[in-house]
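Structural description and commentary
So you can see what is in the structure, the chains are spelled out below.
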Amino acid sequence: MSKEEVLSKVNEIFTDAFDREDLVIGFETTASDVEGWDSLMQMNLIEMIEDEFGMRFDMDEVVGMENVGSMIDIIITRI
Amino acid sequence: MNHYTFEEIEIGISSSFDSVITEEDMKLFADLSGDLNPMHVDADYAKSKGYKDKVVYGMLASSLYSTLVGMYLPGERCLINNCEVDYRKPVYVGDSLTVMGEVTDKRNSTRRIKVKGKTINQNGVIVNTSEITISFTGD
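Residues numbered from 1 in each chain as written. Chains lettered and ligands numbered in written order. Predicted model: local features only at pLDDT ≥ 70, side-chain atom pairs only at ≥ 80, totals over all residues. Heavy atoms only, no water.

The secondary structure content of chain A amounts to four helices and zero strands. The order of helices and strands in chain A, counted from the N terminus, is α-α-α-α. For 79 residues, the compact-globule formula gives about 12 Å, and the C-alpha radius of gyration of chain A, at 11 Å, lands near that figure. Residue burial in chain A is summarised as follows: out of 79 residues, 44% are buried. Across chain A, contacts joining residues at least 24 apart in sequence account for 52% of those joining residues at least 6 apart. Taken as a whole, chain A presents about 4,500 Å² of accessible surface, with 47% of it coming from carbon and sulfur. One finds the centroid of the 5 positive side-chain charges in chain A at a distance of 5 Å from the centroid of its 20 negative side-chain charges. (Helix = DSSP H or I, 4+ residues; strand = E, 2+ residues; numbered from the N terminus. Rg over C-alpha atoms; globule rule 2.2 N^0.38 Å. Buried < 20%, exposed > 50% of the residue type's maximum accessible area, 1.4 Å probe, protein only. Contact = heavy atoms within 4.5 Å. Areas by Shrake-Rupley, 256 points an atom, 1.4 Å probe, with all protein chains shown as cover. Lys, Arg positive; Asp, Glu negative; His and termini not counted. Charge placed at Lys NZ, Arg CZ, Asp CG, Glu CD.)

Here it is, written out as structure tokens:
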């Protein structure tokens, strides 16, 4: 699966989590770019992504995520 | 009160406790919530709708999941992040309820667990079920 394909699936998860059909994210998107992306939503997103891709992040990876792109870089190595 | 840490929690750990919903509980919940729907405060009305007595507020019965999590599983060091409840059968004043929970998921990435809850009455009937997502507070 390419990074663009992973991004597309992650975008679907975000639109579901934030209940915003118009939400479009990119590799550079950060929490400050999306209203409502707080610590609780971060946990929801992480778990939804883990379930979607059948993988698990570790705590250090979650803490080190700078943007959506760095999240996708990790996903790519696990699928 | 239990004091499980995140590290101590394992999938499959379970807890349970018993509770009886009293008339006083119903009055307190009515005052607290402002819900005076006759199904919950008027026995004759509830009987006219096919129930054997006034029906215990669903959210009063499911408030016992707060006790399950906050006192037993995991106890002190937690916050409920999400709680989905499926109300299956009516609960009546005086019913003896057993509330049970079992850890079904543990995520190191988010330091959260999921507990599946089940409440049965004195006849062994499942009156509601739940899935609760729980985060851990710092020490």
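All names here are of chain A. One way to put it is that helix 1 (residues 3-18) packs onto helix 4 (residues 68-78) with a least axis distance of 10 Å and a crossing angle of 115°. When you trace helix 1 past helix 4, the crossing you get is right-handed. The residues of helix 4 that touch helix 1, namely those facing K3, V6, L7, V10 and F14, are V68, I72, D73, I75 and I76. Grouping the amino acids of the contact of helix 1 with helix 4 by side-chain chemistry returns eight nonpolar, no polar and two charged. (Axes fitted to C-alpha atoms, helices over the stretch in contact; angles between N-to-C directions. Left-handed = near helix turned anticlockwise from the far one by under 90°. Nonpolar A, V, L, I, M, F, W, Y, C, P; charged D, E, K, R; others polar.)

Attention now moves to the pairing of strand 5 (residues 126-136) of chain B. Residue and element names in this part refer to chain B. Of all eleven residues in strand 5, nine are buried; the element is thus mostly enclosed. Here nine bridges tie strand 2 (residues 78-87) to strand 5, and the two strands are oriented antiparallel to one another. Each residue of the ladder has a partner; that of Y87, found in strand 5, is N128. Where strand 4 (residues 112-120) meets strand 5, nine bridges bridge the pair, whose relative direction is antiparallel. For R112, the partnering residue across the bridge sits in strand 5 and is S135. Following strand 4, the chain reverses through five residues before pairing antiparallel with strand 5; G124 in that reversal takes a positive phi of roughly 80°. (Pairing = 2+ DSSP bridges.)

Side-chain pairs of opposite charge can arise where the charged atoms are in close proximity. Applying the stated rule across the entire model yields twelve salt bridges over all chains. One salt bridge in this structure joins E47 of chain A and K114 of chain B, with 3.4 Å as the shortest N-O distance. With E47 of chain A in helix 2 (residues 39-53) and K114 of chain B in strand 4, the pair connects residues from two separate chains. Per residue, the accessibility class of E47 of chain A equals that of K114 of chain B, and both read buried. (Salt bridge = Lys/Arg side-chain N within 4 Å of Asp/Glu carboxyl O.)

On the side of chain B, ten residues touch chain A, which itself brings twelve residues to the contact. For the chain A face of the interface with chain B, the top three residues by lost area are M43, E47 and M59 of chain A, together amounting to 57%. Our count for the contact surface shared by chain A and chain B stands at four salt bridges. A salt bridge links E47 of chain A to R112 of chain B; its shortest N-O distance comes to 2.9 Å. Applying the counting criterion to the chain A and chain B interface returns seven residue pairs in polar contact (both at pLDDT 80 or more). Listing elements by their share of the side of chain A that touches chain B, those giving two or more residues are helix 2 and helix 3 (59-64) of chain A. Tallying contributions element by element places helix 2 of chain A first for the side of chain A that touches chain B, with seven residues. The class makeup of the residues in the side of chain A that touches chain B is six nonpolar, one polar and five charged. (Buried area = accessible area lost by both parts, 1.4 Å probe. Polar contact = N/O pair within 3.5 Å; in protein donor to acceptor, adjacent residues only side chain to side chain.)

Residue and element names in this part refer to chain A. Relative orientation of the contacting elements helix 1 and helix 2 amounts to 135°, with a least axis distance of 10 Å. It follows from the interaxial angle that helix 1 and helix 2 lie oblique. The hand of the helix 1/helix 2 crossing is right-handed. Across the interface between the two elements, V6, K9, V10, I13, F14, D16, A17 and F18 of helix 1 pack against M41, L45, M48, I49, E52 and F53 of helix 2. Class assignment for the residues of the contact of helix 1 with helix 2 results in eleven nonpolar, no polar and three charged. (Parallel < 35°, antiparallel > 145°, perpendicular 65-115°, else oblique.)

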